[in-house]
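This is what each chain is made of:
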Amino acid sequence: MEAFRKHTGKVVPYDMPNVDTDQIIPARFLKKIDRVGFGELLFHDVRYNADGSPKKDFVLNQPKYAGGSILVSGPQFGIGSSREHAPWAIQQYGFKVVIAPSFGDIFRSNCFQNGLLPVQLSERDVQTLIQRAQELADYRITVDLEEQGIHDSVGFSVKFEVDAFRRDCLLRGLDDIGLTLEKTSAIEAFEKSHA
């Protein structure tokens, strides 16, 4: 897993509450057995028309937000089923950070396991970011996990909290497998002593 320390990127505002994992990646696409190709399926049913053409008014299809890497959305983002495909789709689209007032618990955990940073801010701060992204051209912010802070170039600055264990894992680029591999010598010593 790639380590996350600091990221500066364009903000994409998706001002919707209660975005569930089936909206993020519809269930019919979960049959894929490899971990590639999910980015193009992100928000598929609200992003595309029935004929497969992009909906011009959907935020990801607007040229203003092309290349965005920080998704900002409403409360209860990622609620619903526990599909790990949701953070895969978000990451593979190009997002490094998701900011919302609240997250589904399993979605948040899956984000950390896959190197995607979920940042919880107050509804007021989230609305400030959404409004600036809608009103300003090429609106960018910096998300600093080491300092646990977010700032922009026009006066916005806020601190956020991340569980210390999750923060350490992201800073070092460690998922559960990486954490286990750190204990390789202890595991080998145990196996030798219990042969």
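Before reading further, recall that the structure is shown in the block above.
Here's what I pulled together on the structure shown here. (Residues numbered from 1 in each chain as written. Predicted model: local features only at pLDDT ≥ 70, side-chain atom pairs only at ≥ 80, totals over all residues. Heavy atoms only, no water.)

## Describing the overall build of the protein
Stated precisely, the cut-off is as follows: Secondary structure elements are taken from DSSP: a helix is a run of H or I of four residues or more, a strand is a run of E of two residues or more, and numbering for both begins at the N terminus. Throughout, radius of gyration means the C-alpha value; the globule benchmark is 2.2 Å times the number of residues raised to the power 0.38. Under the scheme applied here, a residue whose accessible area is under 20% of the maximum for its type counts as buried, over 50% as exposed, and between as partly exposed, the area being computed with a 1.4 Å probe on protein chains only. By definition in these notes, contact holds between two residues if any of their heavy atoms fall within 4.5 Å. Per-residue and other accessible areas were derived by the Shrake-Rupley procedure at a 1.4 Å probe size, with only the shown protein chains allowed to occlude residues. The convention is simple: Lys and Arg are positive, Asp and Glu are negative, and His and the chain ends are not counted. Just so you know, the charge point we use is NZ for Lys, CZ for Arg, CG for Asp and CD for Glu.
Across its full length, the protein holds eight helices and seven strands. Against the 2.2 N^0.38 benchmark of 16 Å for 195 residues, the protein shows a C-alpha radius of gyration of 18 Å, consistent with a compact globule. Summarising its shape, the C-alpha atoms of the protein cover approximately 65 × 45 × 25 Å along the three principal directions. Within the protein, the fraction of its 195 residues that count as buried is 46%. In the protein, 65% of the contacts between residues at least 6 apart in sequence involve partners at least 24 apart. Accessible surface, the protein as shown: approximately 10,200 Å² in total, 50% of it carbon and sulfur. Separation of charge centres in the protein, based on 23 positive and 27 negative side chains, amounts to 3 Å.

## A few points about the side chain of arginine 47
To keep things clear, this is the line we draw: The salt bridge criterion pairs a side-chain nitrogen of Lys or Arg with a carboxyl oxygen of Asp or Glu, the two atoms within 4 Å. A 3.5 Å cut-off defines polar contacts: any pair of N or O atoms within that distance qualifies, except that in protein one atom must be a possible hydrogen donor and the other a possible acceptor, and neighbouring residues in sequence count only when both atoms are side-chain atoms.
Locating arginine 47 in the fold gives a position in helix H2 (residues 44-47). Buried charge without a salt bridge: arginine 47, with glutamate 40 as the nearest opposite-charge side chain at an N-O distance of 7.9 Å. A polar atom in the side chain of arginine 47 sits 3.3 Å from the backbone oxygen of glycine 39. Polar contacts involving the side chain of arginine 47 include one to the main-chain carbonyl oxygen of glutamate 40, which spans 3.5 Å. Setting aside its immediate chain neighbours within four residues, arginine 47 contacts Gly39, Glu40, Leu41, Leu42, Ser53, Pro54, Lys55, Phe58, Leu60, Asn61 and Tyr93.

## Some remarks on helix H6 (residues 164-172)
Turning to H6, its buried residues number three or more, namely Arg166, Cys169, Leu170 and Leu171. Looking one or two places after H6, you find glycine 173, whose phi comes out positive at around 70°.

## Considerations on the sheet that holds strand S7 (residues 157-159)
Threshold: Here a strand pair is declared whenever DSSP counts at least two bridges between the two strands. Angles here are taken between N-to-C directions and fall from 0 to 180 degrees, while the axes themselves are lines fitted to C-alpha atoms, restricted in helices to the stretch in contact.
If you trace the seven strands from one edge of the open sheet to the other, you get S4-S3-S2-S1-S5-S6-S7, paired in mixed fashion. Looking at which strands have only one partner, the edges of the open sheet turn out to be strand S4 (117-120) and S7. Going from strand to strand, the sheet's axes swing by 25° on average, the running direction of each strand aside. With four bridges connecting them, strand S3 (residues 97-100) and S4 associate as parallel partners. Note on S4: the bridge partner recorded for valine 97 is leucine 117.

## Details of the state of the cysteines
Between two cysteines, a covalent bond joining their sulfur atoms is known as a disulfide. Threshold: In this description, a disulfide is simply a cysteine sulfur pair whose atoms lie within 2.5 Å.
Tallying each qualifying case throughout the model produces zero disulfides. Looking at cysteine 111, it has no disulfide partner, and the nearest cysteine sulfur is the one in cysteine 169, 14 Å off. When its relative accessible area of 0% is taken as the criterion, cysteine 111 is described as buried. For cysteine 169, a relative accessible area of 8% corresponds to the buried category.

## Structural notes on the pairing of S3
The test is simple: Throughout, right-handed denotes a crossover for which the path from the first strand over the helix to the second runs clockwise when the strands point away from the viewer.
Side-chain alternation along S3 places Val97 and Ile99 on one buried face and Val98 and Ala100 on a second face that is also buried. Here three bridges tie strand S2 (residues 70-73) to S3, and the two strands are oriented parallel to one another. Directly across from isoleucine 70, in S3, lies its bridge partner valine 97. For the segment spanning S2, helix H3 (residues 85-93) and S3, crossover handedness is right-handed. One crossover worth recording links S3 to the parallel S4 by way of helix H4 (residues 105-113), and it is right-handed.

## Comments concerning the environment of leucine 129
Mapped onto the fold, leucine 129 is located in helix H5 (residues 123-135). Judged by relative accessible area, leucine 129 falls into the buried class, the value being 0%. C-alpha separation for the pair leucine 129 and asparagine 49, spaced 80 residues apart in sequence, amounts to 28 Å. Each residue touching leucine 129, except ones within four places of it in the same chain, is listed here: Val11, Val72, Ile99, Leu121, Tyr139, Ile141 and Phe156.

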